[in-house]
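# A look at the structure
Listed here are the chains, written in short residue letters.
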Amino acid sequence: MNSKTLEALEVMRKRINQIDADLQNEEILRDIKKITELNKERSNLEEPVQLLVKFETNVNNIKEAREILENEKDAELREMAKAVLEEEEAKTSAIESDIDLILMPKDPNDDKNVIVEIRGAAGGDEANIFAGDLFKMYTKYCEKNNWKIDLMDSSPSEAGGFSQISFMVKGEKVFSKLKFESGSHRVQRVPKTESKGRIQTSTATVVVLPEVSDIEIDIKPSDLRIDTYRSGGAGGQHVNTTDSAVRITHIPTGVVASSQDGRSQHDNKDIAMTMLRARIYEAELEKQNSETAGMRKNAVGTGARSEKIRTYNYAQNRVTDHRINLTLQKLDQVMEGAIEEFISELINNEQKEKVALHLQE
């Protein structure tokens, strides 16, 4: 392991020791926010420091084994030392790879909650129905992960599904997994409205945005235009009786967010502001780095049938993720929320690409 990596790990170990000392400080223990920050920081440092301790242990074991081989004449002891040396060297090499990977720059949004937006794209009613199917798929996946879903805004389609639906997902490291779902999803199946049994190709687009706090994005009230109107979708007895729906426009950027599914105008305003912050944050990222930050524009494109990240073929019970060339013959399970295999492979692929880029530097 190179000296710079060892120095970085040693700094992390010293920082953990300092955090542990701070968490014994009575003044800090009275500050809940500070305790939360320190525990979160310690959690992020814990794994690399544990790997450092394992590395040091293995290095000592290798040193002892080499000393035995150099000084011991007993054939049996030398054979045991040789076996230990080979095993510890293999372990050390694996630990070094793990350390290199864990020290790769992380997406600063990985720990955040997300806002997911699904829209029916090419294919008319069938696209909207498929958008509804994707919503159900993500709902079940979130349930499997014990994540909470809060509906933010929706436009139900008369034929079924949604022309558009937005929802927030809250939980541990949500963005680190769901960020890979951004893009155009293609479905191939016989629509319910098709009398001759012909397979139709339709698409729905998915956008996954990190939740952004008002500290990260400072929005001036004077830059906002807030309009209220009557809700038009499902929402119980209050629908179409009061102007509870809210549309907020950020005048400098033209970014718009709306909500009509909250229980009150106040709820809808809070929801719309949350969506607005996320969209402005996304737009700012695109502006800063158009090559790597296109969470909506680059990932989704126009939603045309030719632009796709994943295809769902009902006739063959097949799902293919085109980014990693992975095909699973279990579409029925995937639509019940079993998408972890795709996400795990996408995470592995991202890590490999990061390591490859690091080696080129």
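Counting restarts for each chain: residues are numbered from 1 in the order of the written sequence. For this predicted model, a pLDDT threshold of at least 70 governs which residues receive local features, and a threshold of 80 or more governs which side-chain atom pairs are given and counted, while totals over whole chains, interfaces and linings are taken from all residues. The side-chain figures draw on all heavy atoms in the structure; neither hydrogens nor water molecules are used.

The protein appears in an unreviewed UniProt entry as Peptide chain release factor 1 from Spiroplasma sabaudiense Ar-1343. UniProt positions are given in the numbering used here, feature names are shortened, and annotations may be inferred rather than shown by experiment. Looking at the Function (unreviewed entry) heading of the UniProt record, one finds this comment for the protein: "Peptide chain release factor 1 directs the termination of translation in response to the peptide chain termination codons UAG and UAA." Under the UniProt heading Sequence similarities (unreviewed entry), the entry covering the protein gives this text: "Belongs to the prokaryotic/mitochondrial release factor family."

## Some points on the sheet that holds strand β7 (residues 245–250)
Here we have 3 strands laid out as an open sheet, ordered β6-β7-β8, and antiparallel in their pairing. Looking along the sheet, the strands with just one partner apiece sit at the ends: β6 (224–229) and β8 (255–259). Direction aside, the axes of adjacent strands within the sheet are offset by 15° on average. Note: two strands are recorded as paired if DSSP finds a minimum of 2 bridges between them. In this text, helices come from DSSP runs of H or I with a minimum length of four residues, and strands from runs of E with a minimum of two, each type numbered from the N-terminal end. Note that β7 and β8 share 5 bridges and pair antiparallel. Paired with His250 across the two strands is Val255, which belongs to β8. Orientation is described by lines fitted to C-alpha atoms, with helices fitted over the stretch in contact, and by angles between N-to-C directions that extend from 0 to 180 degrees.

## Brief notes about a nonpolar patch on the surface
Among the surface-exposed residues, Ile68, Leu77 and Met80 lie close enough to one another that they form a single nonpolar patch of about 260 Å² accessible area. Positionally, Leu77 belongs in helix α4 (residues 75–102). Patch criteria: residues need more than 30% relative accessible area and no salt bridge. Like-charged residues are merged within 9 Å; nonpolar side chains of Val, Leu, Ile, Met, Phe, Trp and Tyr are merged within 5 Å. What sets the accessible areas is the Shrake-Rupley method with a 1.4 Å probe; for residues, cover comes only from the shown protein chains. Salt bridges are counted wherever a side-chain nitrogen of Lys or Arg sits within 4 Å of a carboxyl oxygen of Asp or Glu.

## Side note on the packing of helix α3 (residues 32–71) against α4
Two measures define how a pair of helices packs: the angle their axes make with one another and the distance between the axes. Contact geometry of α3 with α4 gives a least axis separation of 8 Å together with a crossing angle of 155°. Considering the angle they form, α3 stands roughly antiparallel to α4. Taken as a pair, α3 and α4 cross one another with a handedness that is left-handed. Residues of the contact of α3 with α4, tallied by class, amount to 15 nonpolar, 3 polar and 10 charged. Relative orientations are named as follows: roughly parallel for angles under 35 degrees, roughly antiparallel for angles over 145 degrees, roughly perpendicular for angles from 65 to 115 degrees, and oblique for any other angle. Crossing handedness is defined as follows: a turn of the near helix away from the far one that is anticlockwise and smaller than a right angle gives a left-handed crossing, while the clockwise case is right-handed. Just so you know the grouping, Ala, Val, Leu, Ile, Met, Phe, Trp, Tyr, Cys and Pro go in nonpolar, Asp, Glu, Lys and Arg go in charged, and all remaining residues, Gly too, go in polar.

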